[in-house]
Amino acid sequence: MESNIEKIEHYMQMLGEMGLQFGVQFLLAIVTYFVGNFIIKRVLKLVELALEKKKVEITLHRFLLSILGTLLKAVQIIVFASMLGIQTASFIAILGAAGLAIGLALQGSLANFAGGVLILLFRPFKNGDAIKAQGYVGSVEEIQIFNTILKTFDNQRIIIPNGLLSNGCVTNINVNGTRRVDMVFGIGYNDDIAKAKALLRSIIEADERVLKDQAVDIWVGEHGESSVNLFVRPWANAEDYWGIYFDMMEKVKIEFDKANISIPFPQRDVHIHQSTNT
């Protein structure tokens, strides 16, 4: 009878020690959890301030904070579980294998995601910029995490994966604010070059959209098959580029006609020889 009592007392003592030990672990885990919450909030706040200081795009700003918050929470839960004595090695291995499988299944999407992060981070272009990329020309309407949306000048909507944009050539047309308007006008070989150049210069200088602080170049660029080609290079604000270009095409034709300066076009003489049968 006494031996049974001693056994019960021994088991009770063991349970008490285990309960005390687990209780201490549990309390430490709880304290660590709440301290972890405080640290995570502080870290996220510091990162947010840094992103705001760097003026990171708001879409990337929110996404990076979300990803960082999720990763820190995952680490916090793993630490909490390990402090309670729960084996986390197999859990981490399962998460790693699942991550690898998902990564292989979503290679294209991940490439587009990485491209979107790079575009939003380094900002080779921004909303409203006119760009030329992947055979398309248009204004950037929206930069998303996976795709960039262009609005072409004839009002088409083009969706380009960010993976292609981040790994391909992109021309930012109006990033510098000003552009050189390159034009070529042909005159006949019998026409007066000096007169044509003076007339071109007067037409350009009369256009208020042409920048006056930039030199206007007018050269004899080449001797073509049927014309002497004059290269004309005025400068303008990026938004005035096409207006100047198309107006010049019309004005030069009208003024050349008034000044009797010809604009040659390819011609071919066809000679017909009639043979007589004898």
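Scope of this entry: the structure provided in the associated data block. (Residues numbered from 1 in each chain as written. Predicted model: local features only at pLDDT ≥ 70, side-chain atom pairs only at ≥ 80, totals over all residues. Heavy atoms only, no water.)

Now for the pattern of salt bridges. Inspection of the entire model under this criterion finds 8 salt bridges. Residue Arg-209 pairs with Asp-207 through a salt bridge whose shortest N-O separation is 2.9 Å. Of the residues examined, Asp-207 reaches a relative accessible area of 5% and is grouped as buried. The partner of Lys-258 in a salt bridge is Glu-255, with the nearest N and O atoms 3.7 Å apart. Separated by 3 residues within a single helix, Lys-258 and Glu-255 lie in helix H7 (residues 241-258), roughly one turn from each other. Classification of Lys-258 by relative accessible area gives exposed; the value is 60%. Because the salt bridges share partners, they merge into one network encompassing Arg-180, Asp-182 and Arg-233. (Salt bridge = Lys/Arg side-chain N within 4 Å of Asp/Glu carboxyl O. Buried < 20%, exposed > 50% of the residue type's maximum accessible area, 1.4 Å probe, protein only. Helix = DSSP H or I, 4+ residues; strand = E, 2+ residues; numbered from the N terminus.)

Our focus in this paragraph is the layout of surface pockets. One simple way to see leftover space: roll a probe sized like a water molecule over the atoms. Each pocket or cavity is described by its volume, and for the largest pocket that value is around 260 Å³. In terms of lining residues, the largest pocket is bounded by 13 residues, among which Ala-130, Phe-153, Ile-173, Arg-179 and Trp-242 are the most central. Those elements giving two or more residues to the lining of the largest pocket turn out to be strand E1 (130-133) and H7. Its residues placed into classes, the lining of the largest pocket shows 7 nonpolar, 2 polar and 4 charged. (1 Å grid on protein atoms, 1.4 Å probe; cavity = no way out; pocket = protein on both sides within 12 Å on 5 of 7 lines; lining within 4 Å. Points joined across faces, edges and corners; volume = space filled by probe spheres on them. Nonpolar A, V, L, I, M, F, W, Y, C, P; charged D, E, K, R; others polar.)

As a further point, take the pairing of strand E4 (residues 157-161). Only one face of E4 is covered, namely the one carrying Ile-158 and Ile-160; the face carrying Arg-157, Ile-159 and Pro-161 has none of its residues buried. As judged from the 5 bridges shared by strand E3 (residues 147-152) and E4, these two strands associate in the antiparallel manner. Bridging across to E4, Thr-148 finds its partner in Ile-160. In textbook terms, the turn of a hairpin is the stretch between consecutive antiparallel strands, and for E3 and E4 this stretch comprises 4 residues, one of which, Asn-155, has a positive phi near 70°. (Pairing = 2+ DSSP bridges.)

Further remarks concern the packing of aromatic side chains. For the structure on display, the rule yields 6 aromatic pairs. Relative to Phe-146, the ring of Phe-113 lies with its centre 6.3 Å away and its plane at 45°, an arrangement referred to as tilted. Of this pair, Phe-113 sits in helix H4 (residues 107-122) while Phe-146 is found in the loop between strand E2 (136-143) and E3, placing the two residues 33 residues apart along the sequence. Exposure remark for Phe-146: the relative accessible area of 39% places this residue in the partly exposed category. Note on Trp-242 and Phe-246: the rings are 5.5 Å apart at their centroids and 25° apart in plane angle, and the pair reads as stacked. Highlighted residues: Trp-242 and Phe-246, both in helix H7, separated by 4 residues, approximately one helical turn. Chaining the aromatic ring pairs together yields one cluster made of Tyr-241, Trp-242, Tyr-245 and Phe-246. The ring centre of Tyr-241 lies 3.8 Å from the NZ or CZ of Arg-179, which sits over that ring. (Phe/Tyr/Trp six-rings, centres within 6.5 Å; stacked < 30°, edge-to-face > 60°. Lys NZ or Arg CZ within 6 Å of the ring centre and 35° of its normal.)

The subject of this paragraph is the environment of Arg-157. By secondary structure assignment, the location of Arg-157 is in strand E4. Look at Arg-157 and you get exposed, because its relative accessible area is 54%. Those residues in contact with Arg-157 that sit more than four places away from it in its chain are Glu-141, Ile-149 and Leu-150. Among the polar contacts made by the side chain of Arg-157, one reaches the side chain of Glu-141 at a distance of 3.0 Å. (Contact = heavy atoms within 4.5 Å. Polar contact = N/O pair within 3.5 Å; in protein donor to acceptor, adjacent residues only side chain to side chain.)

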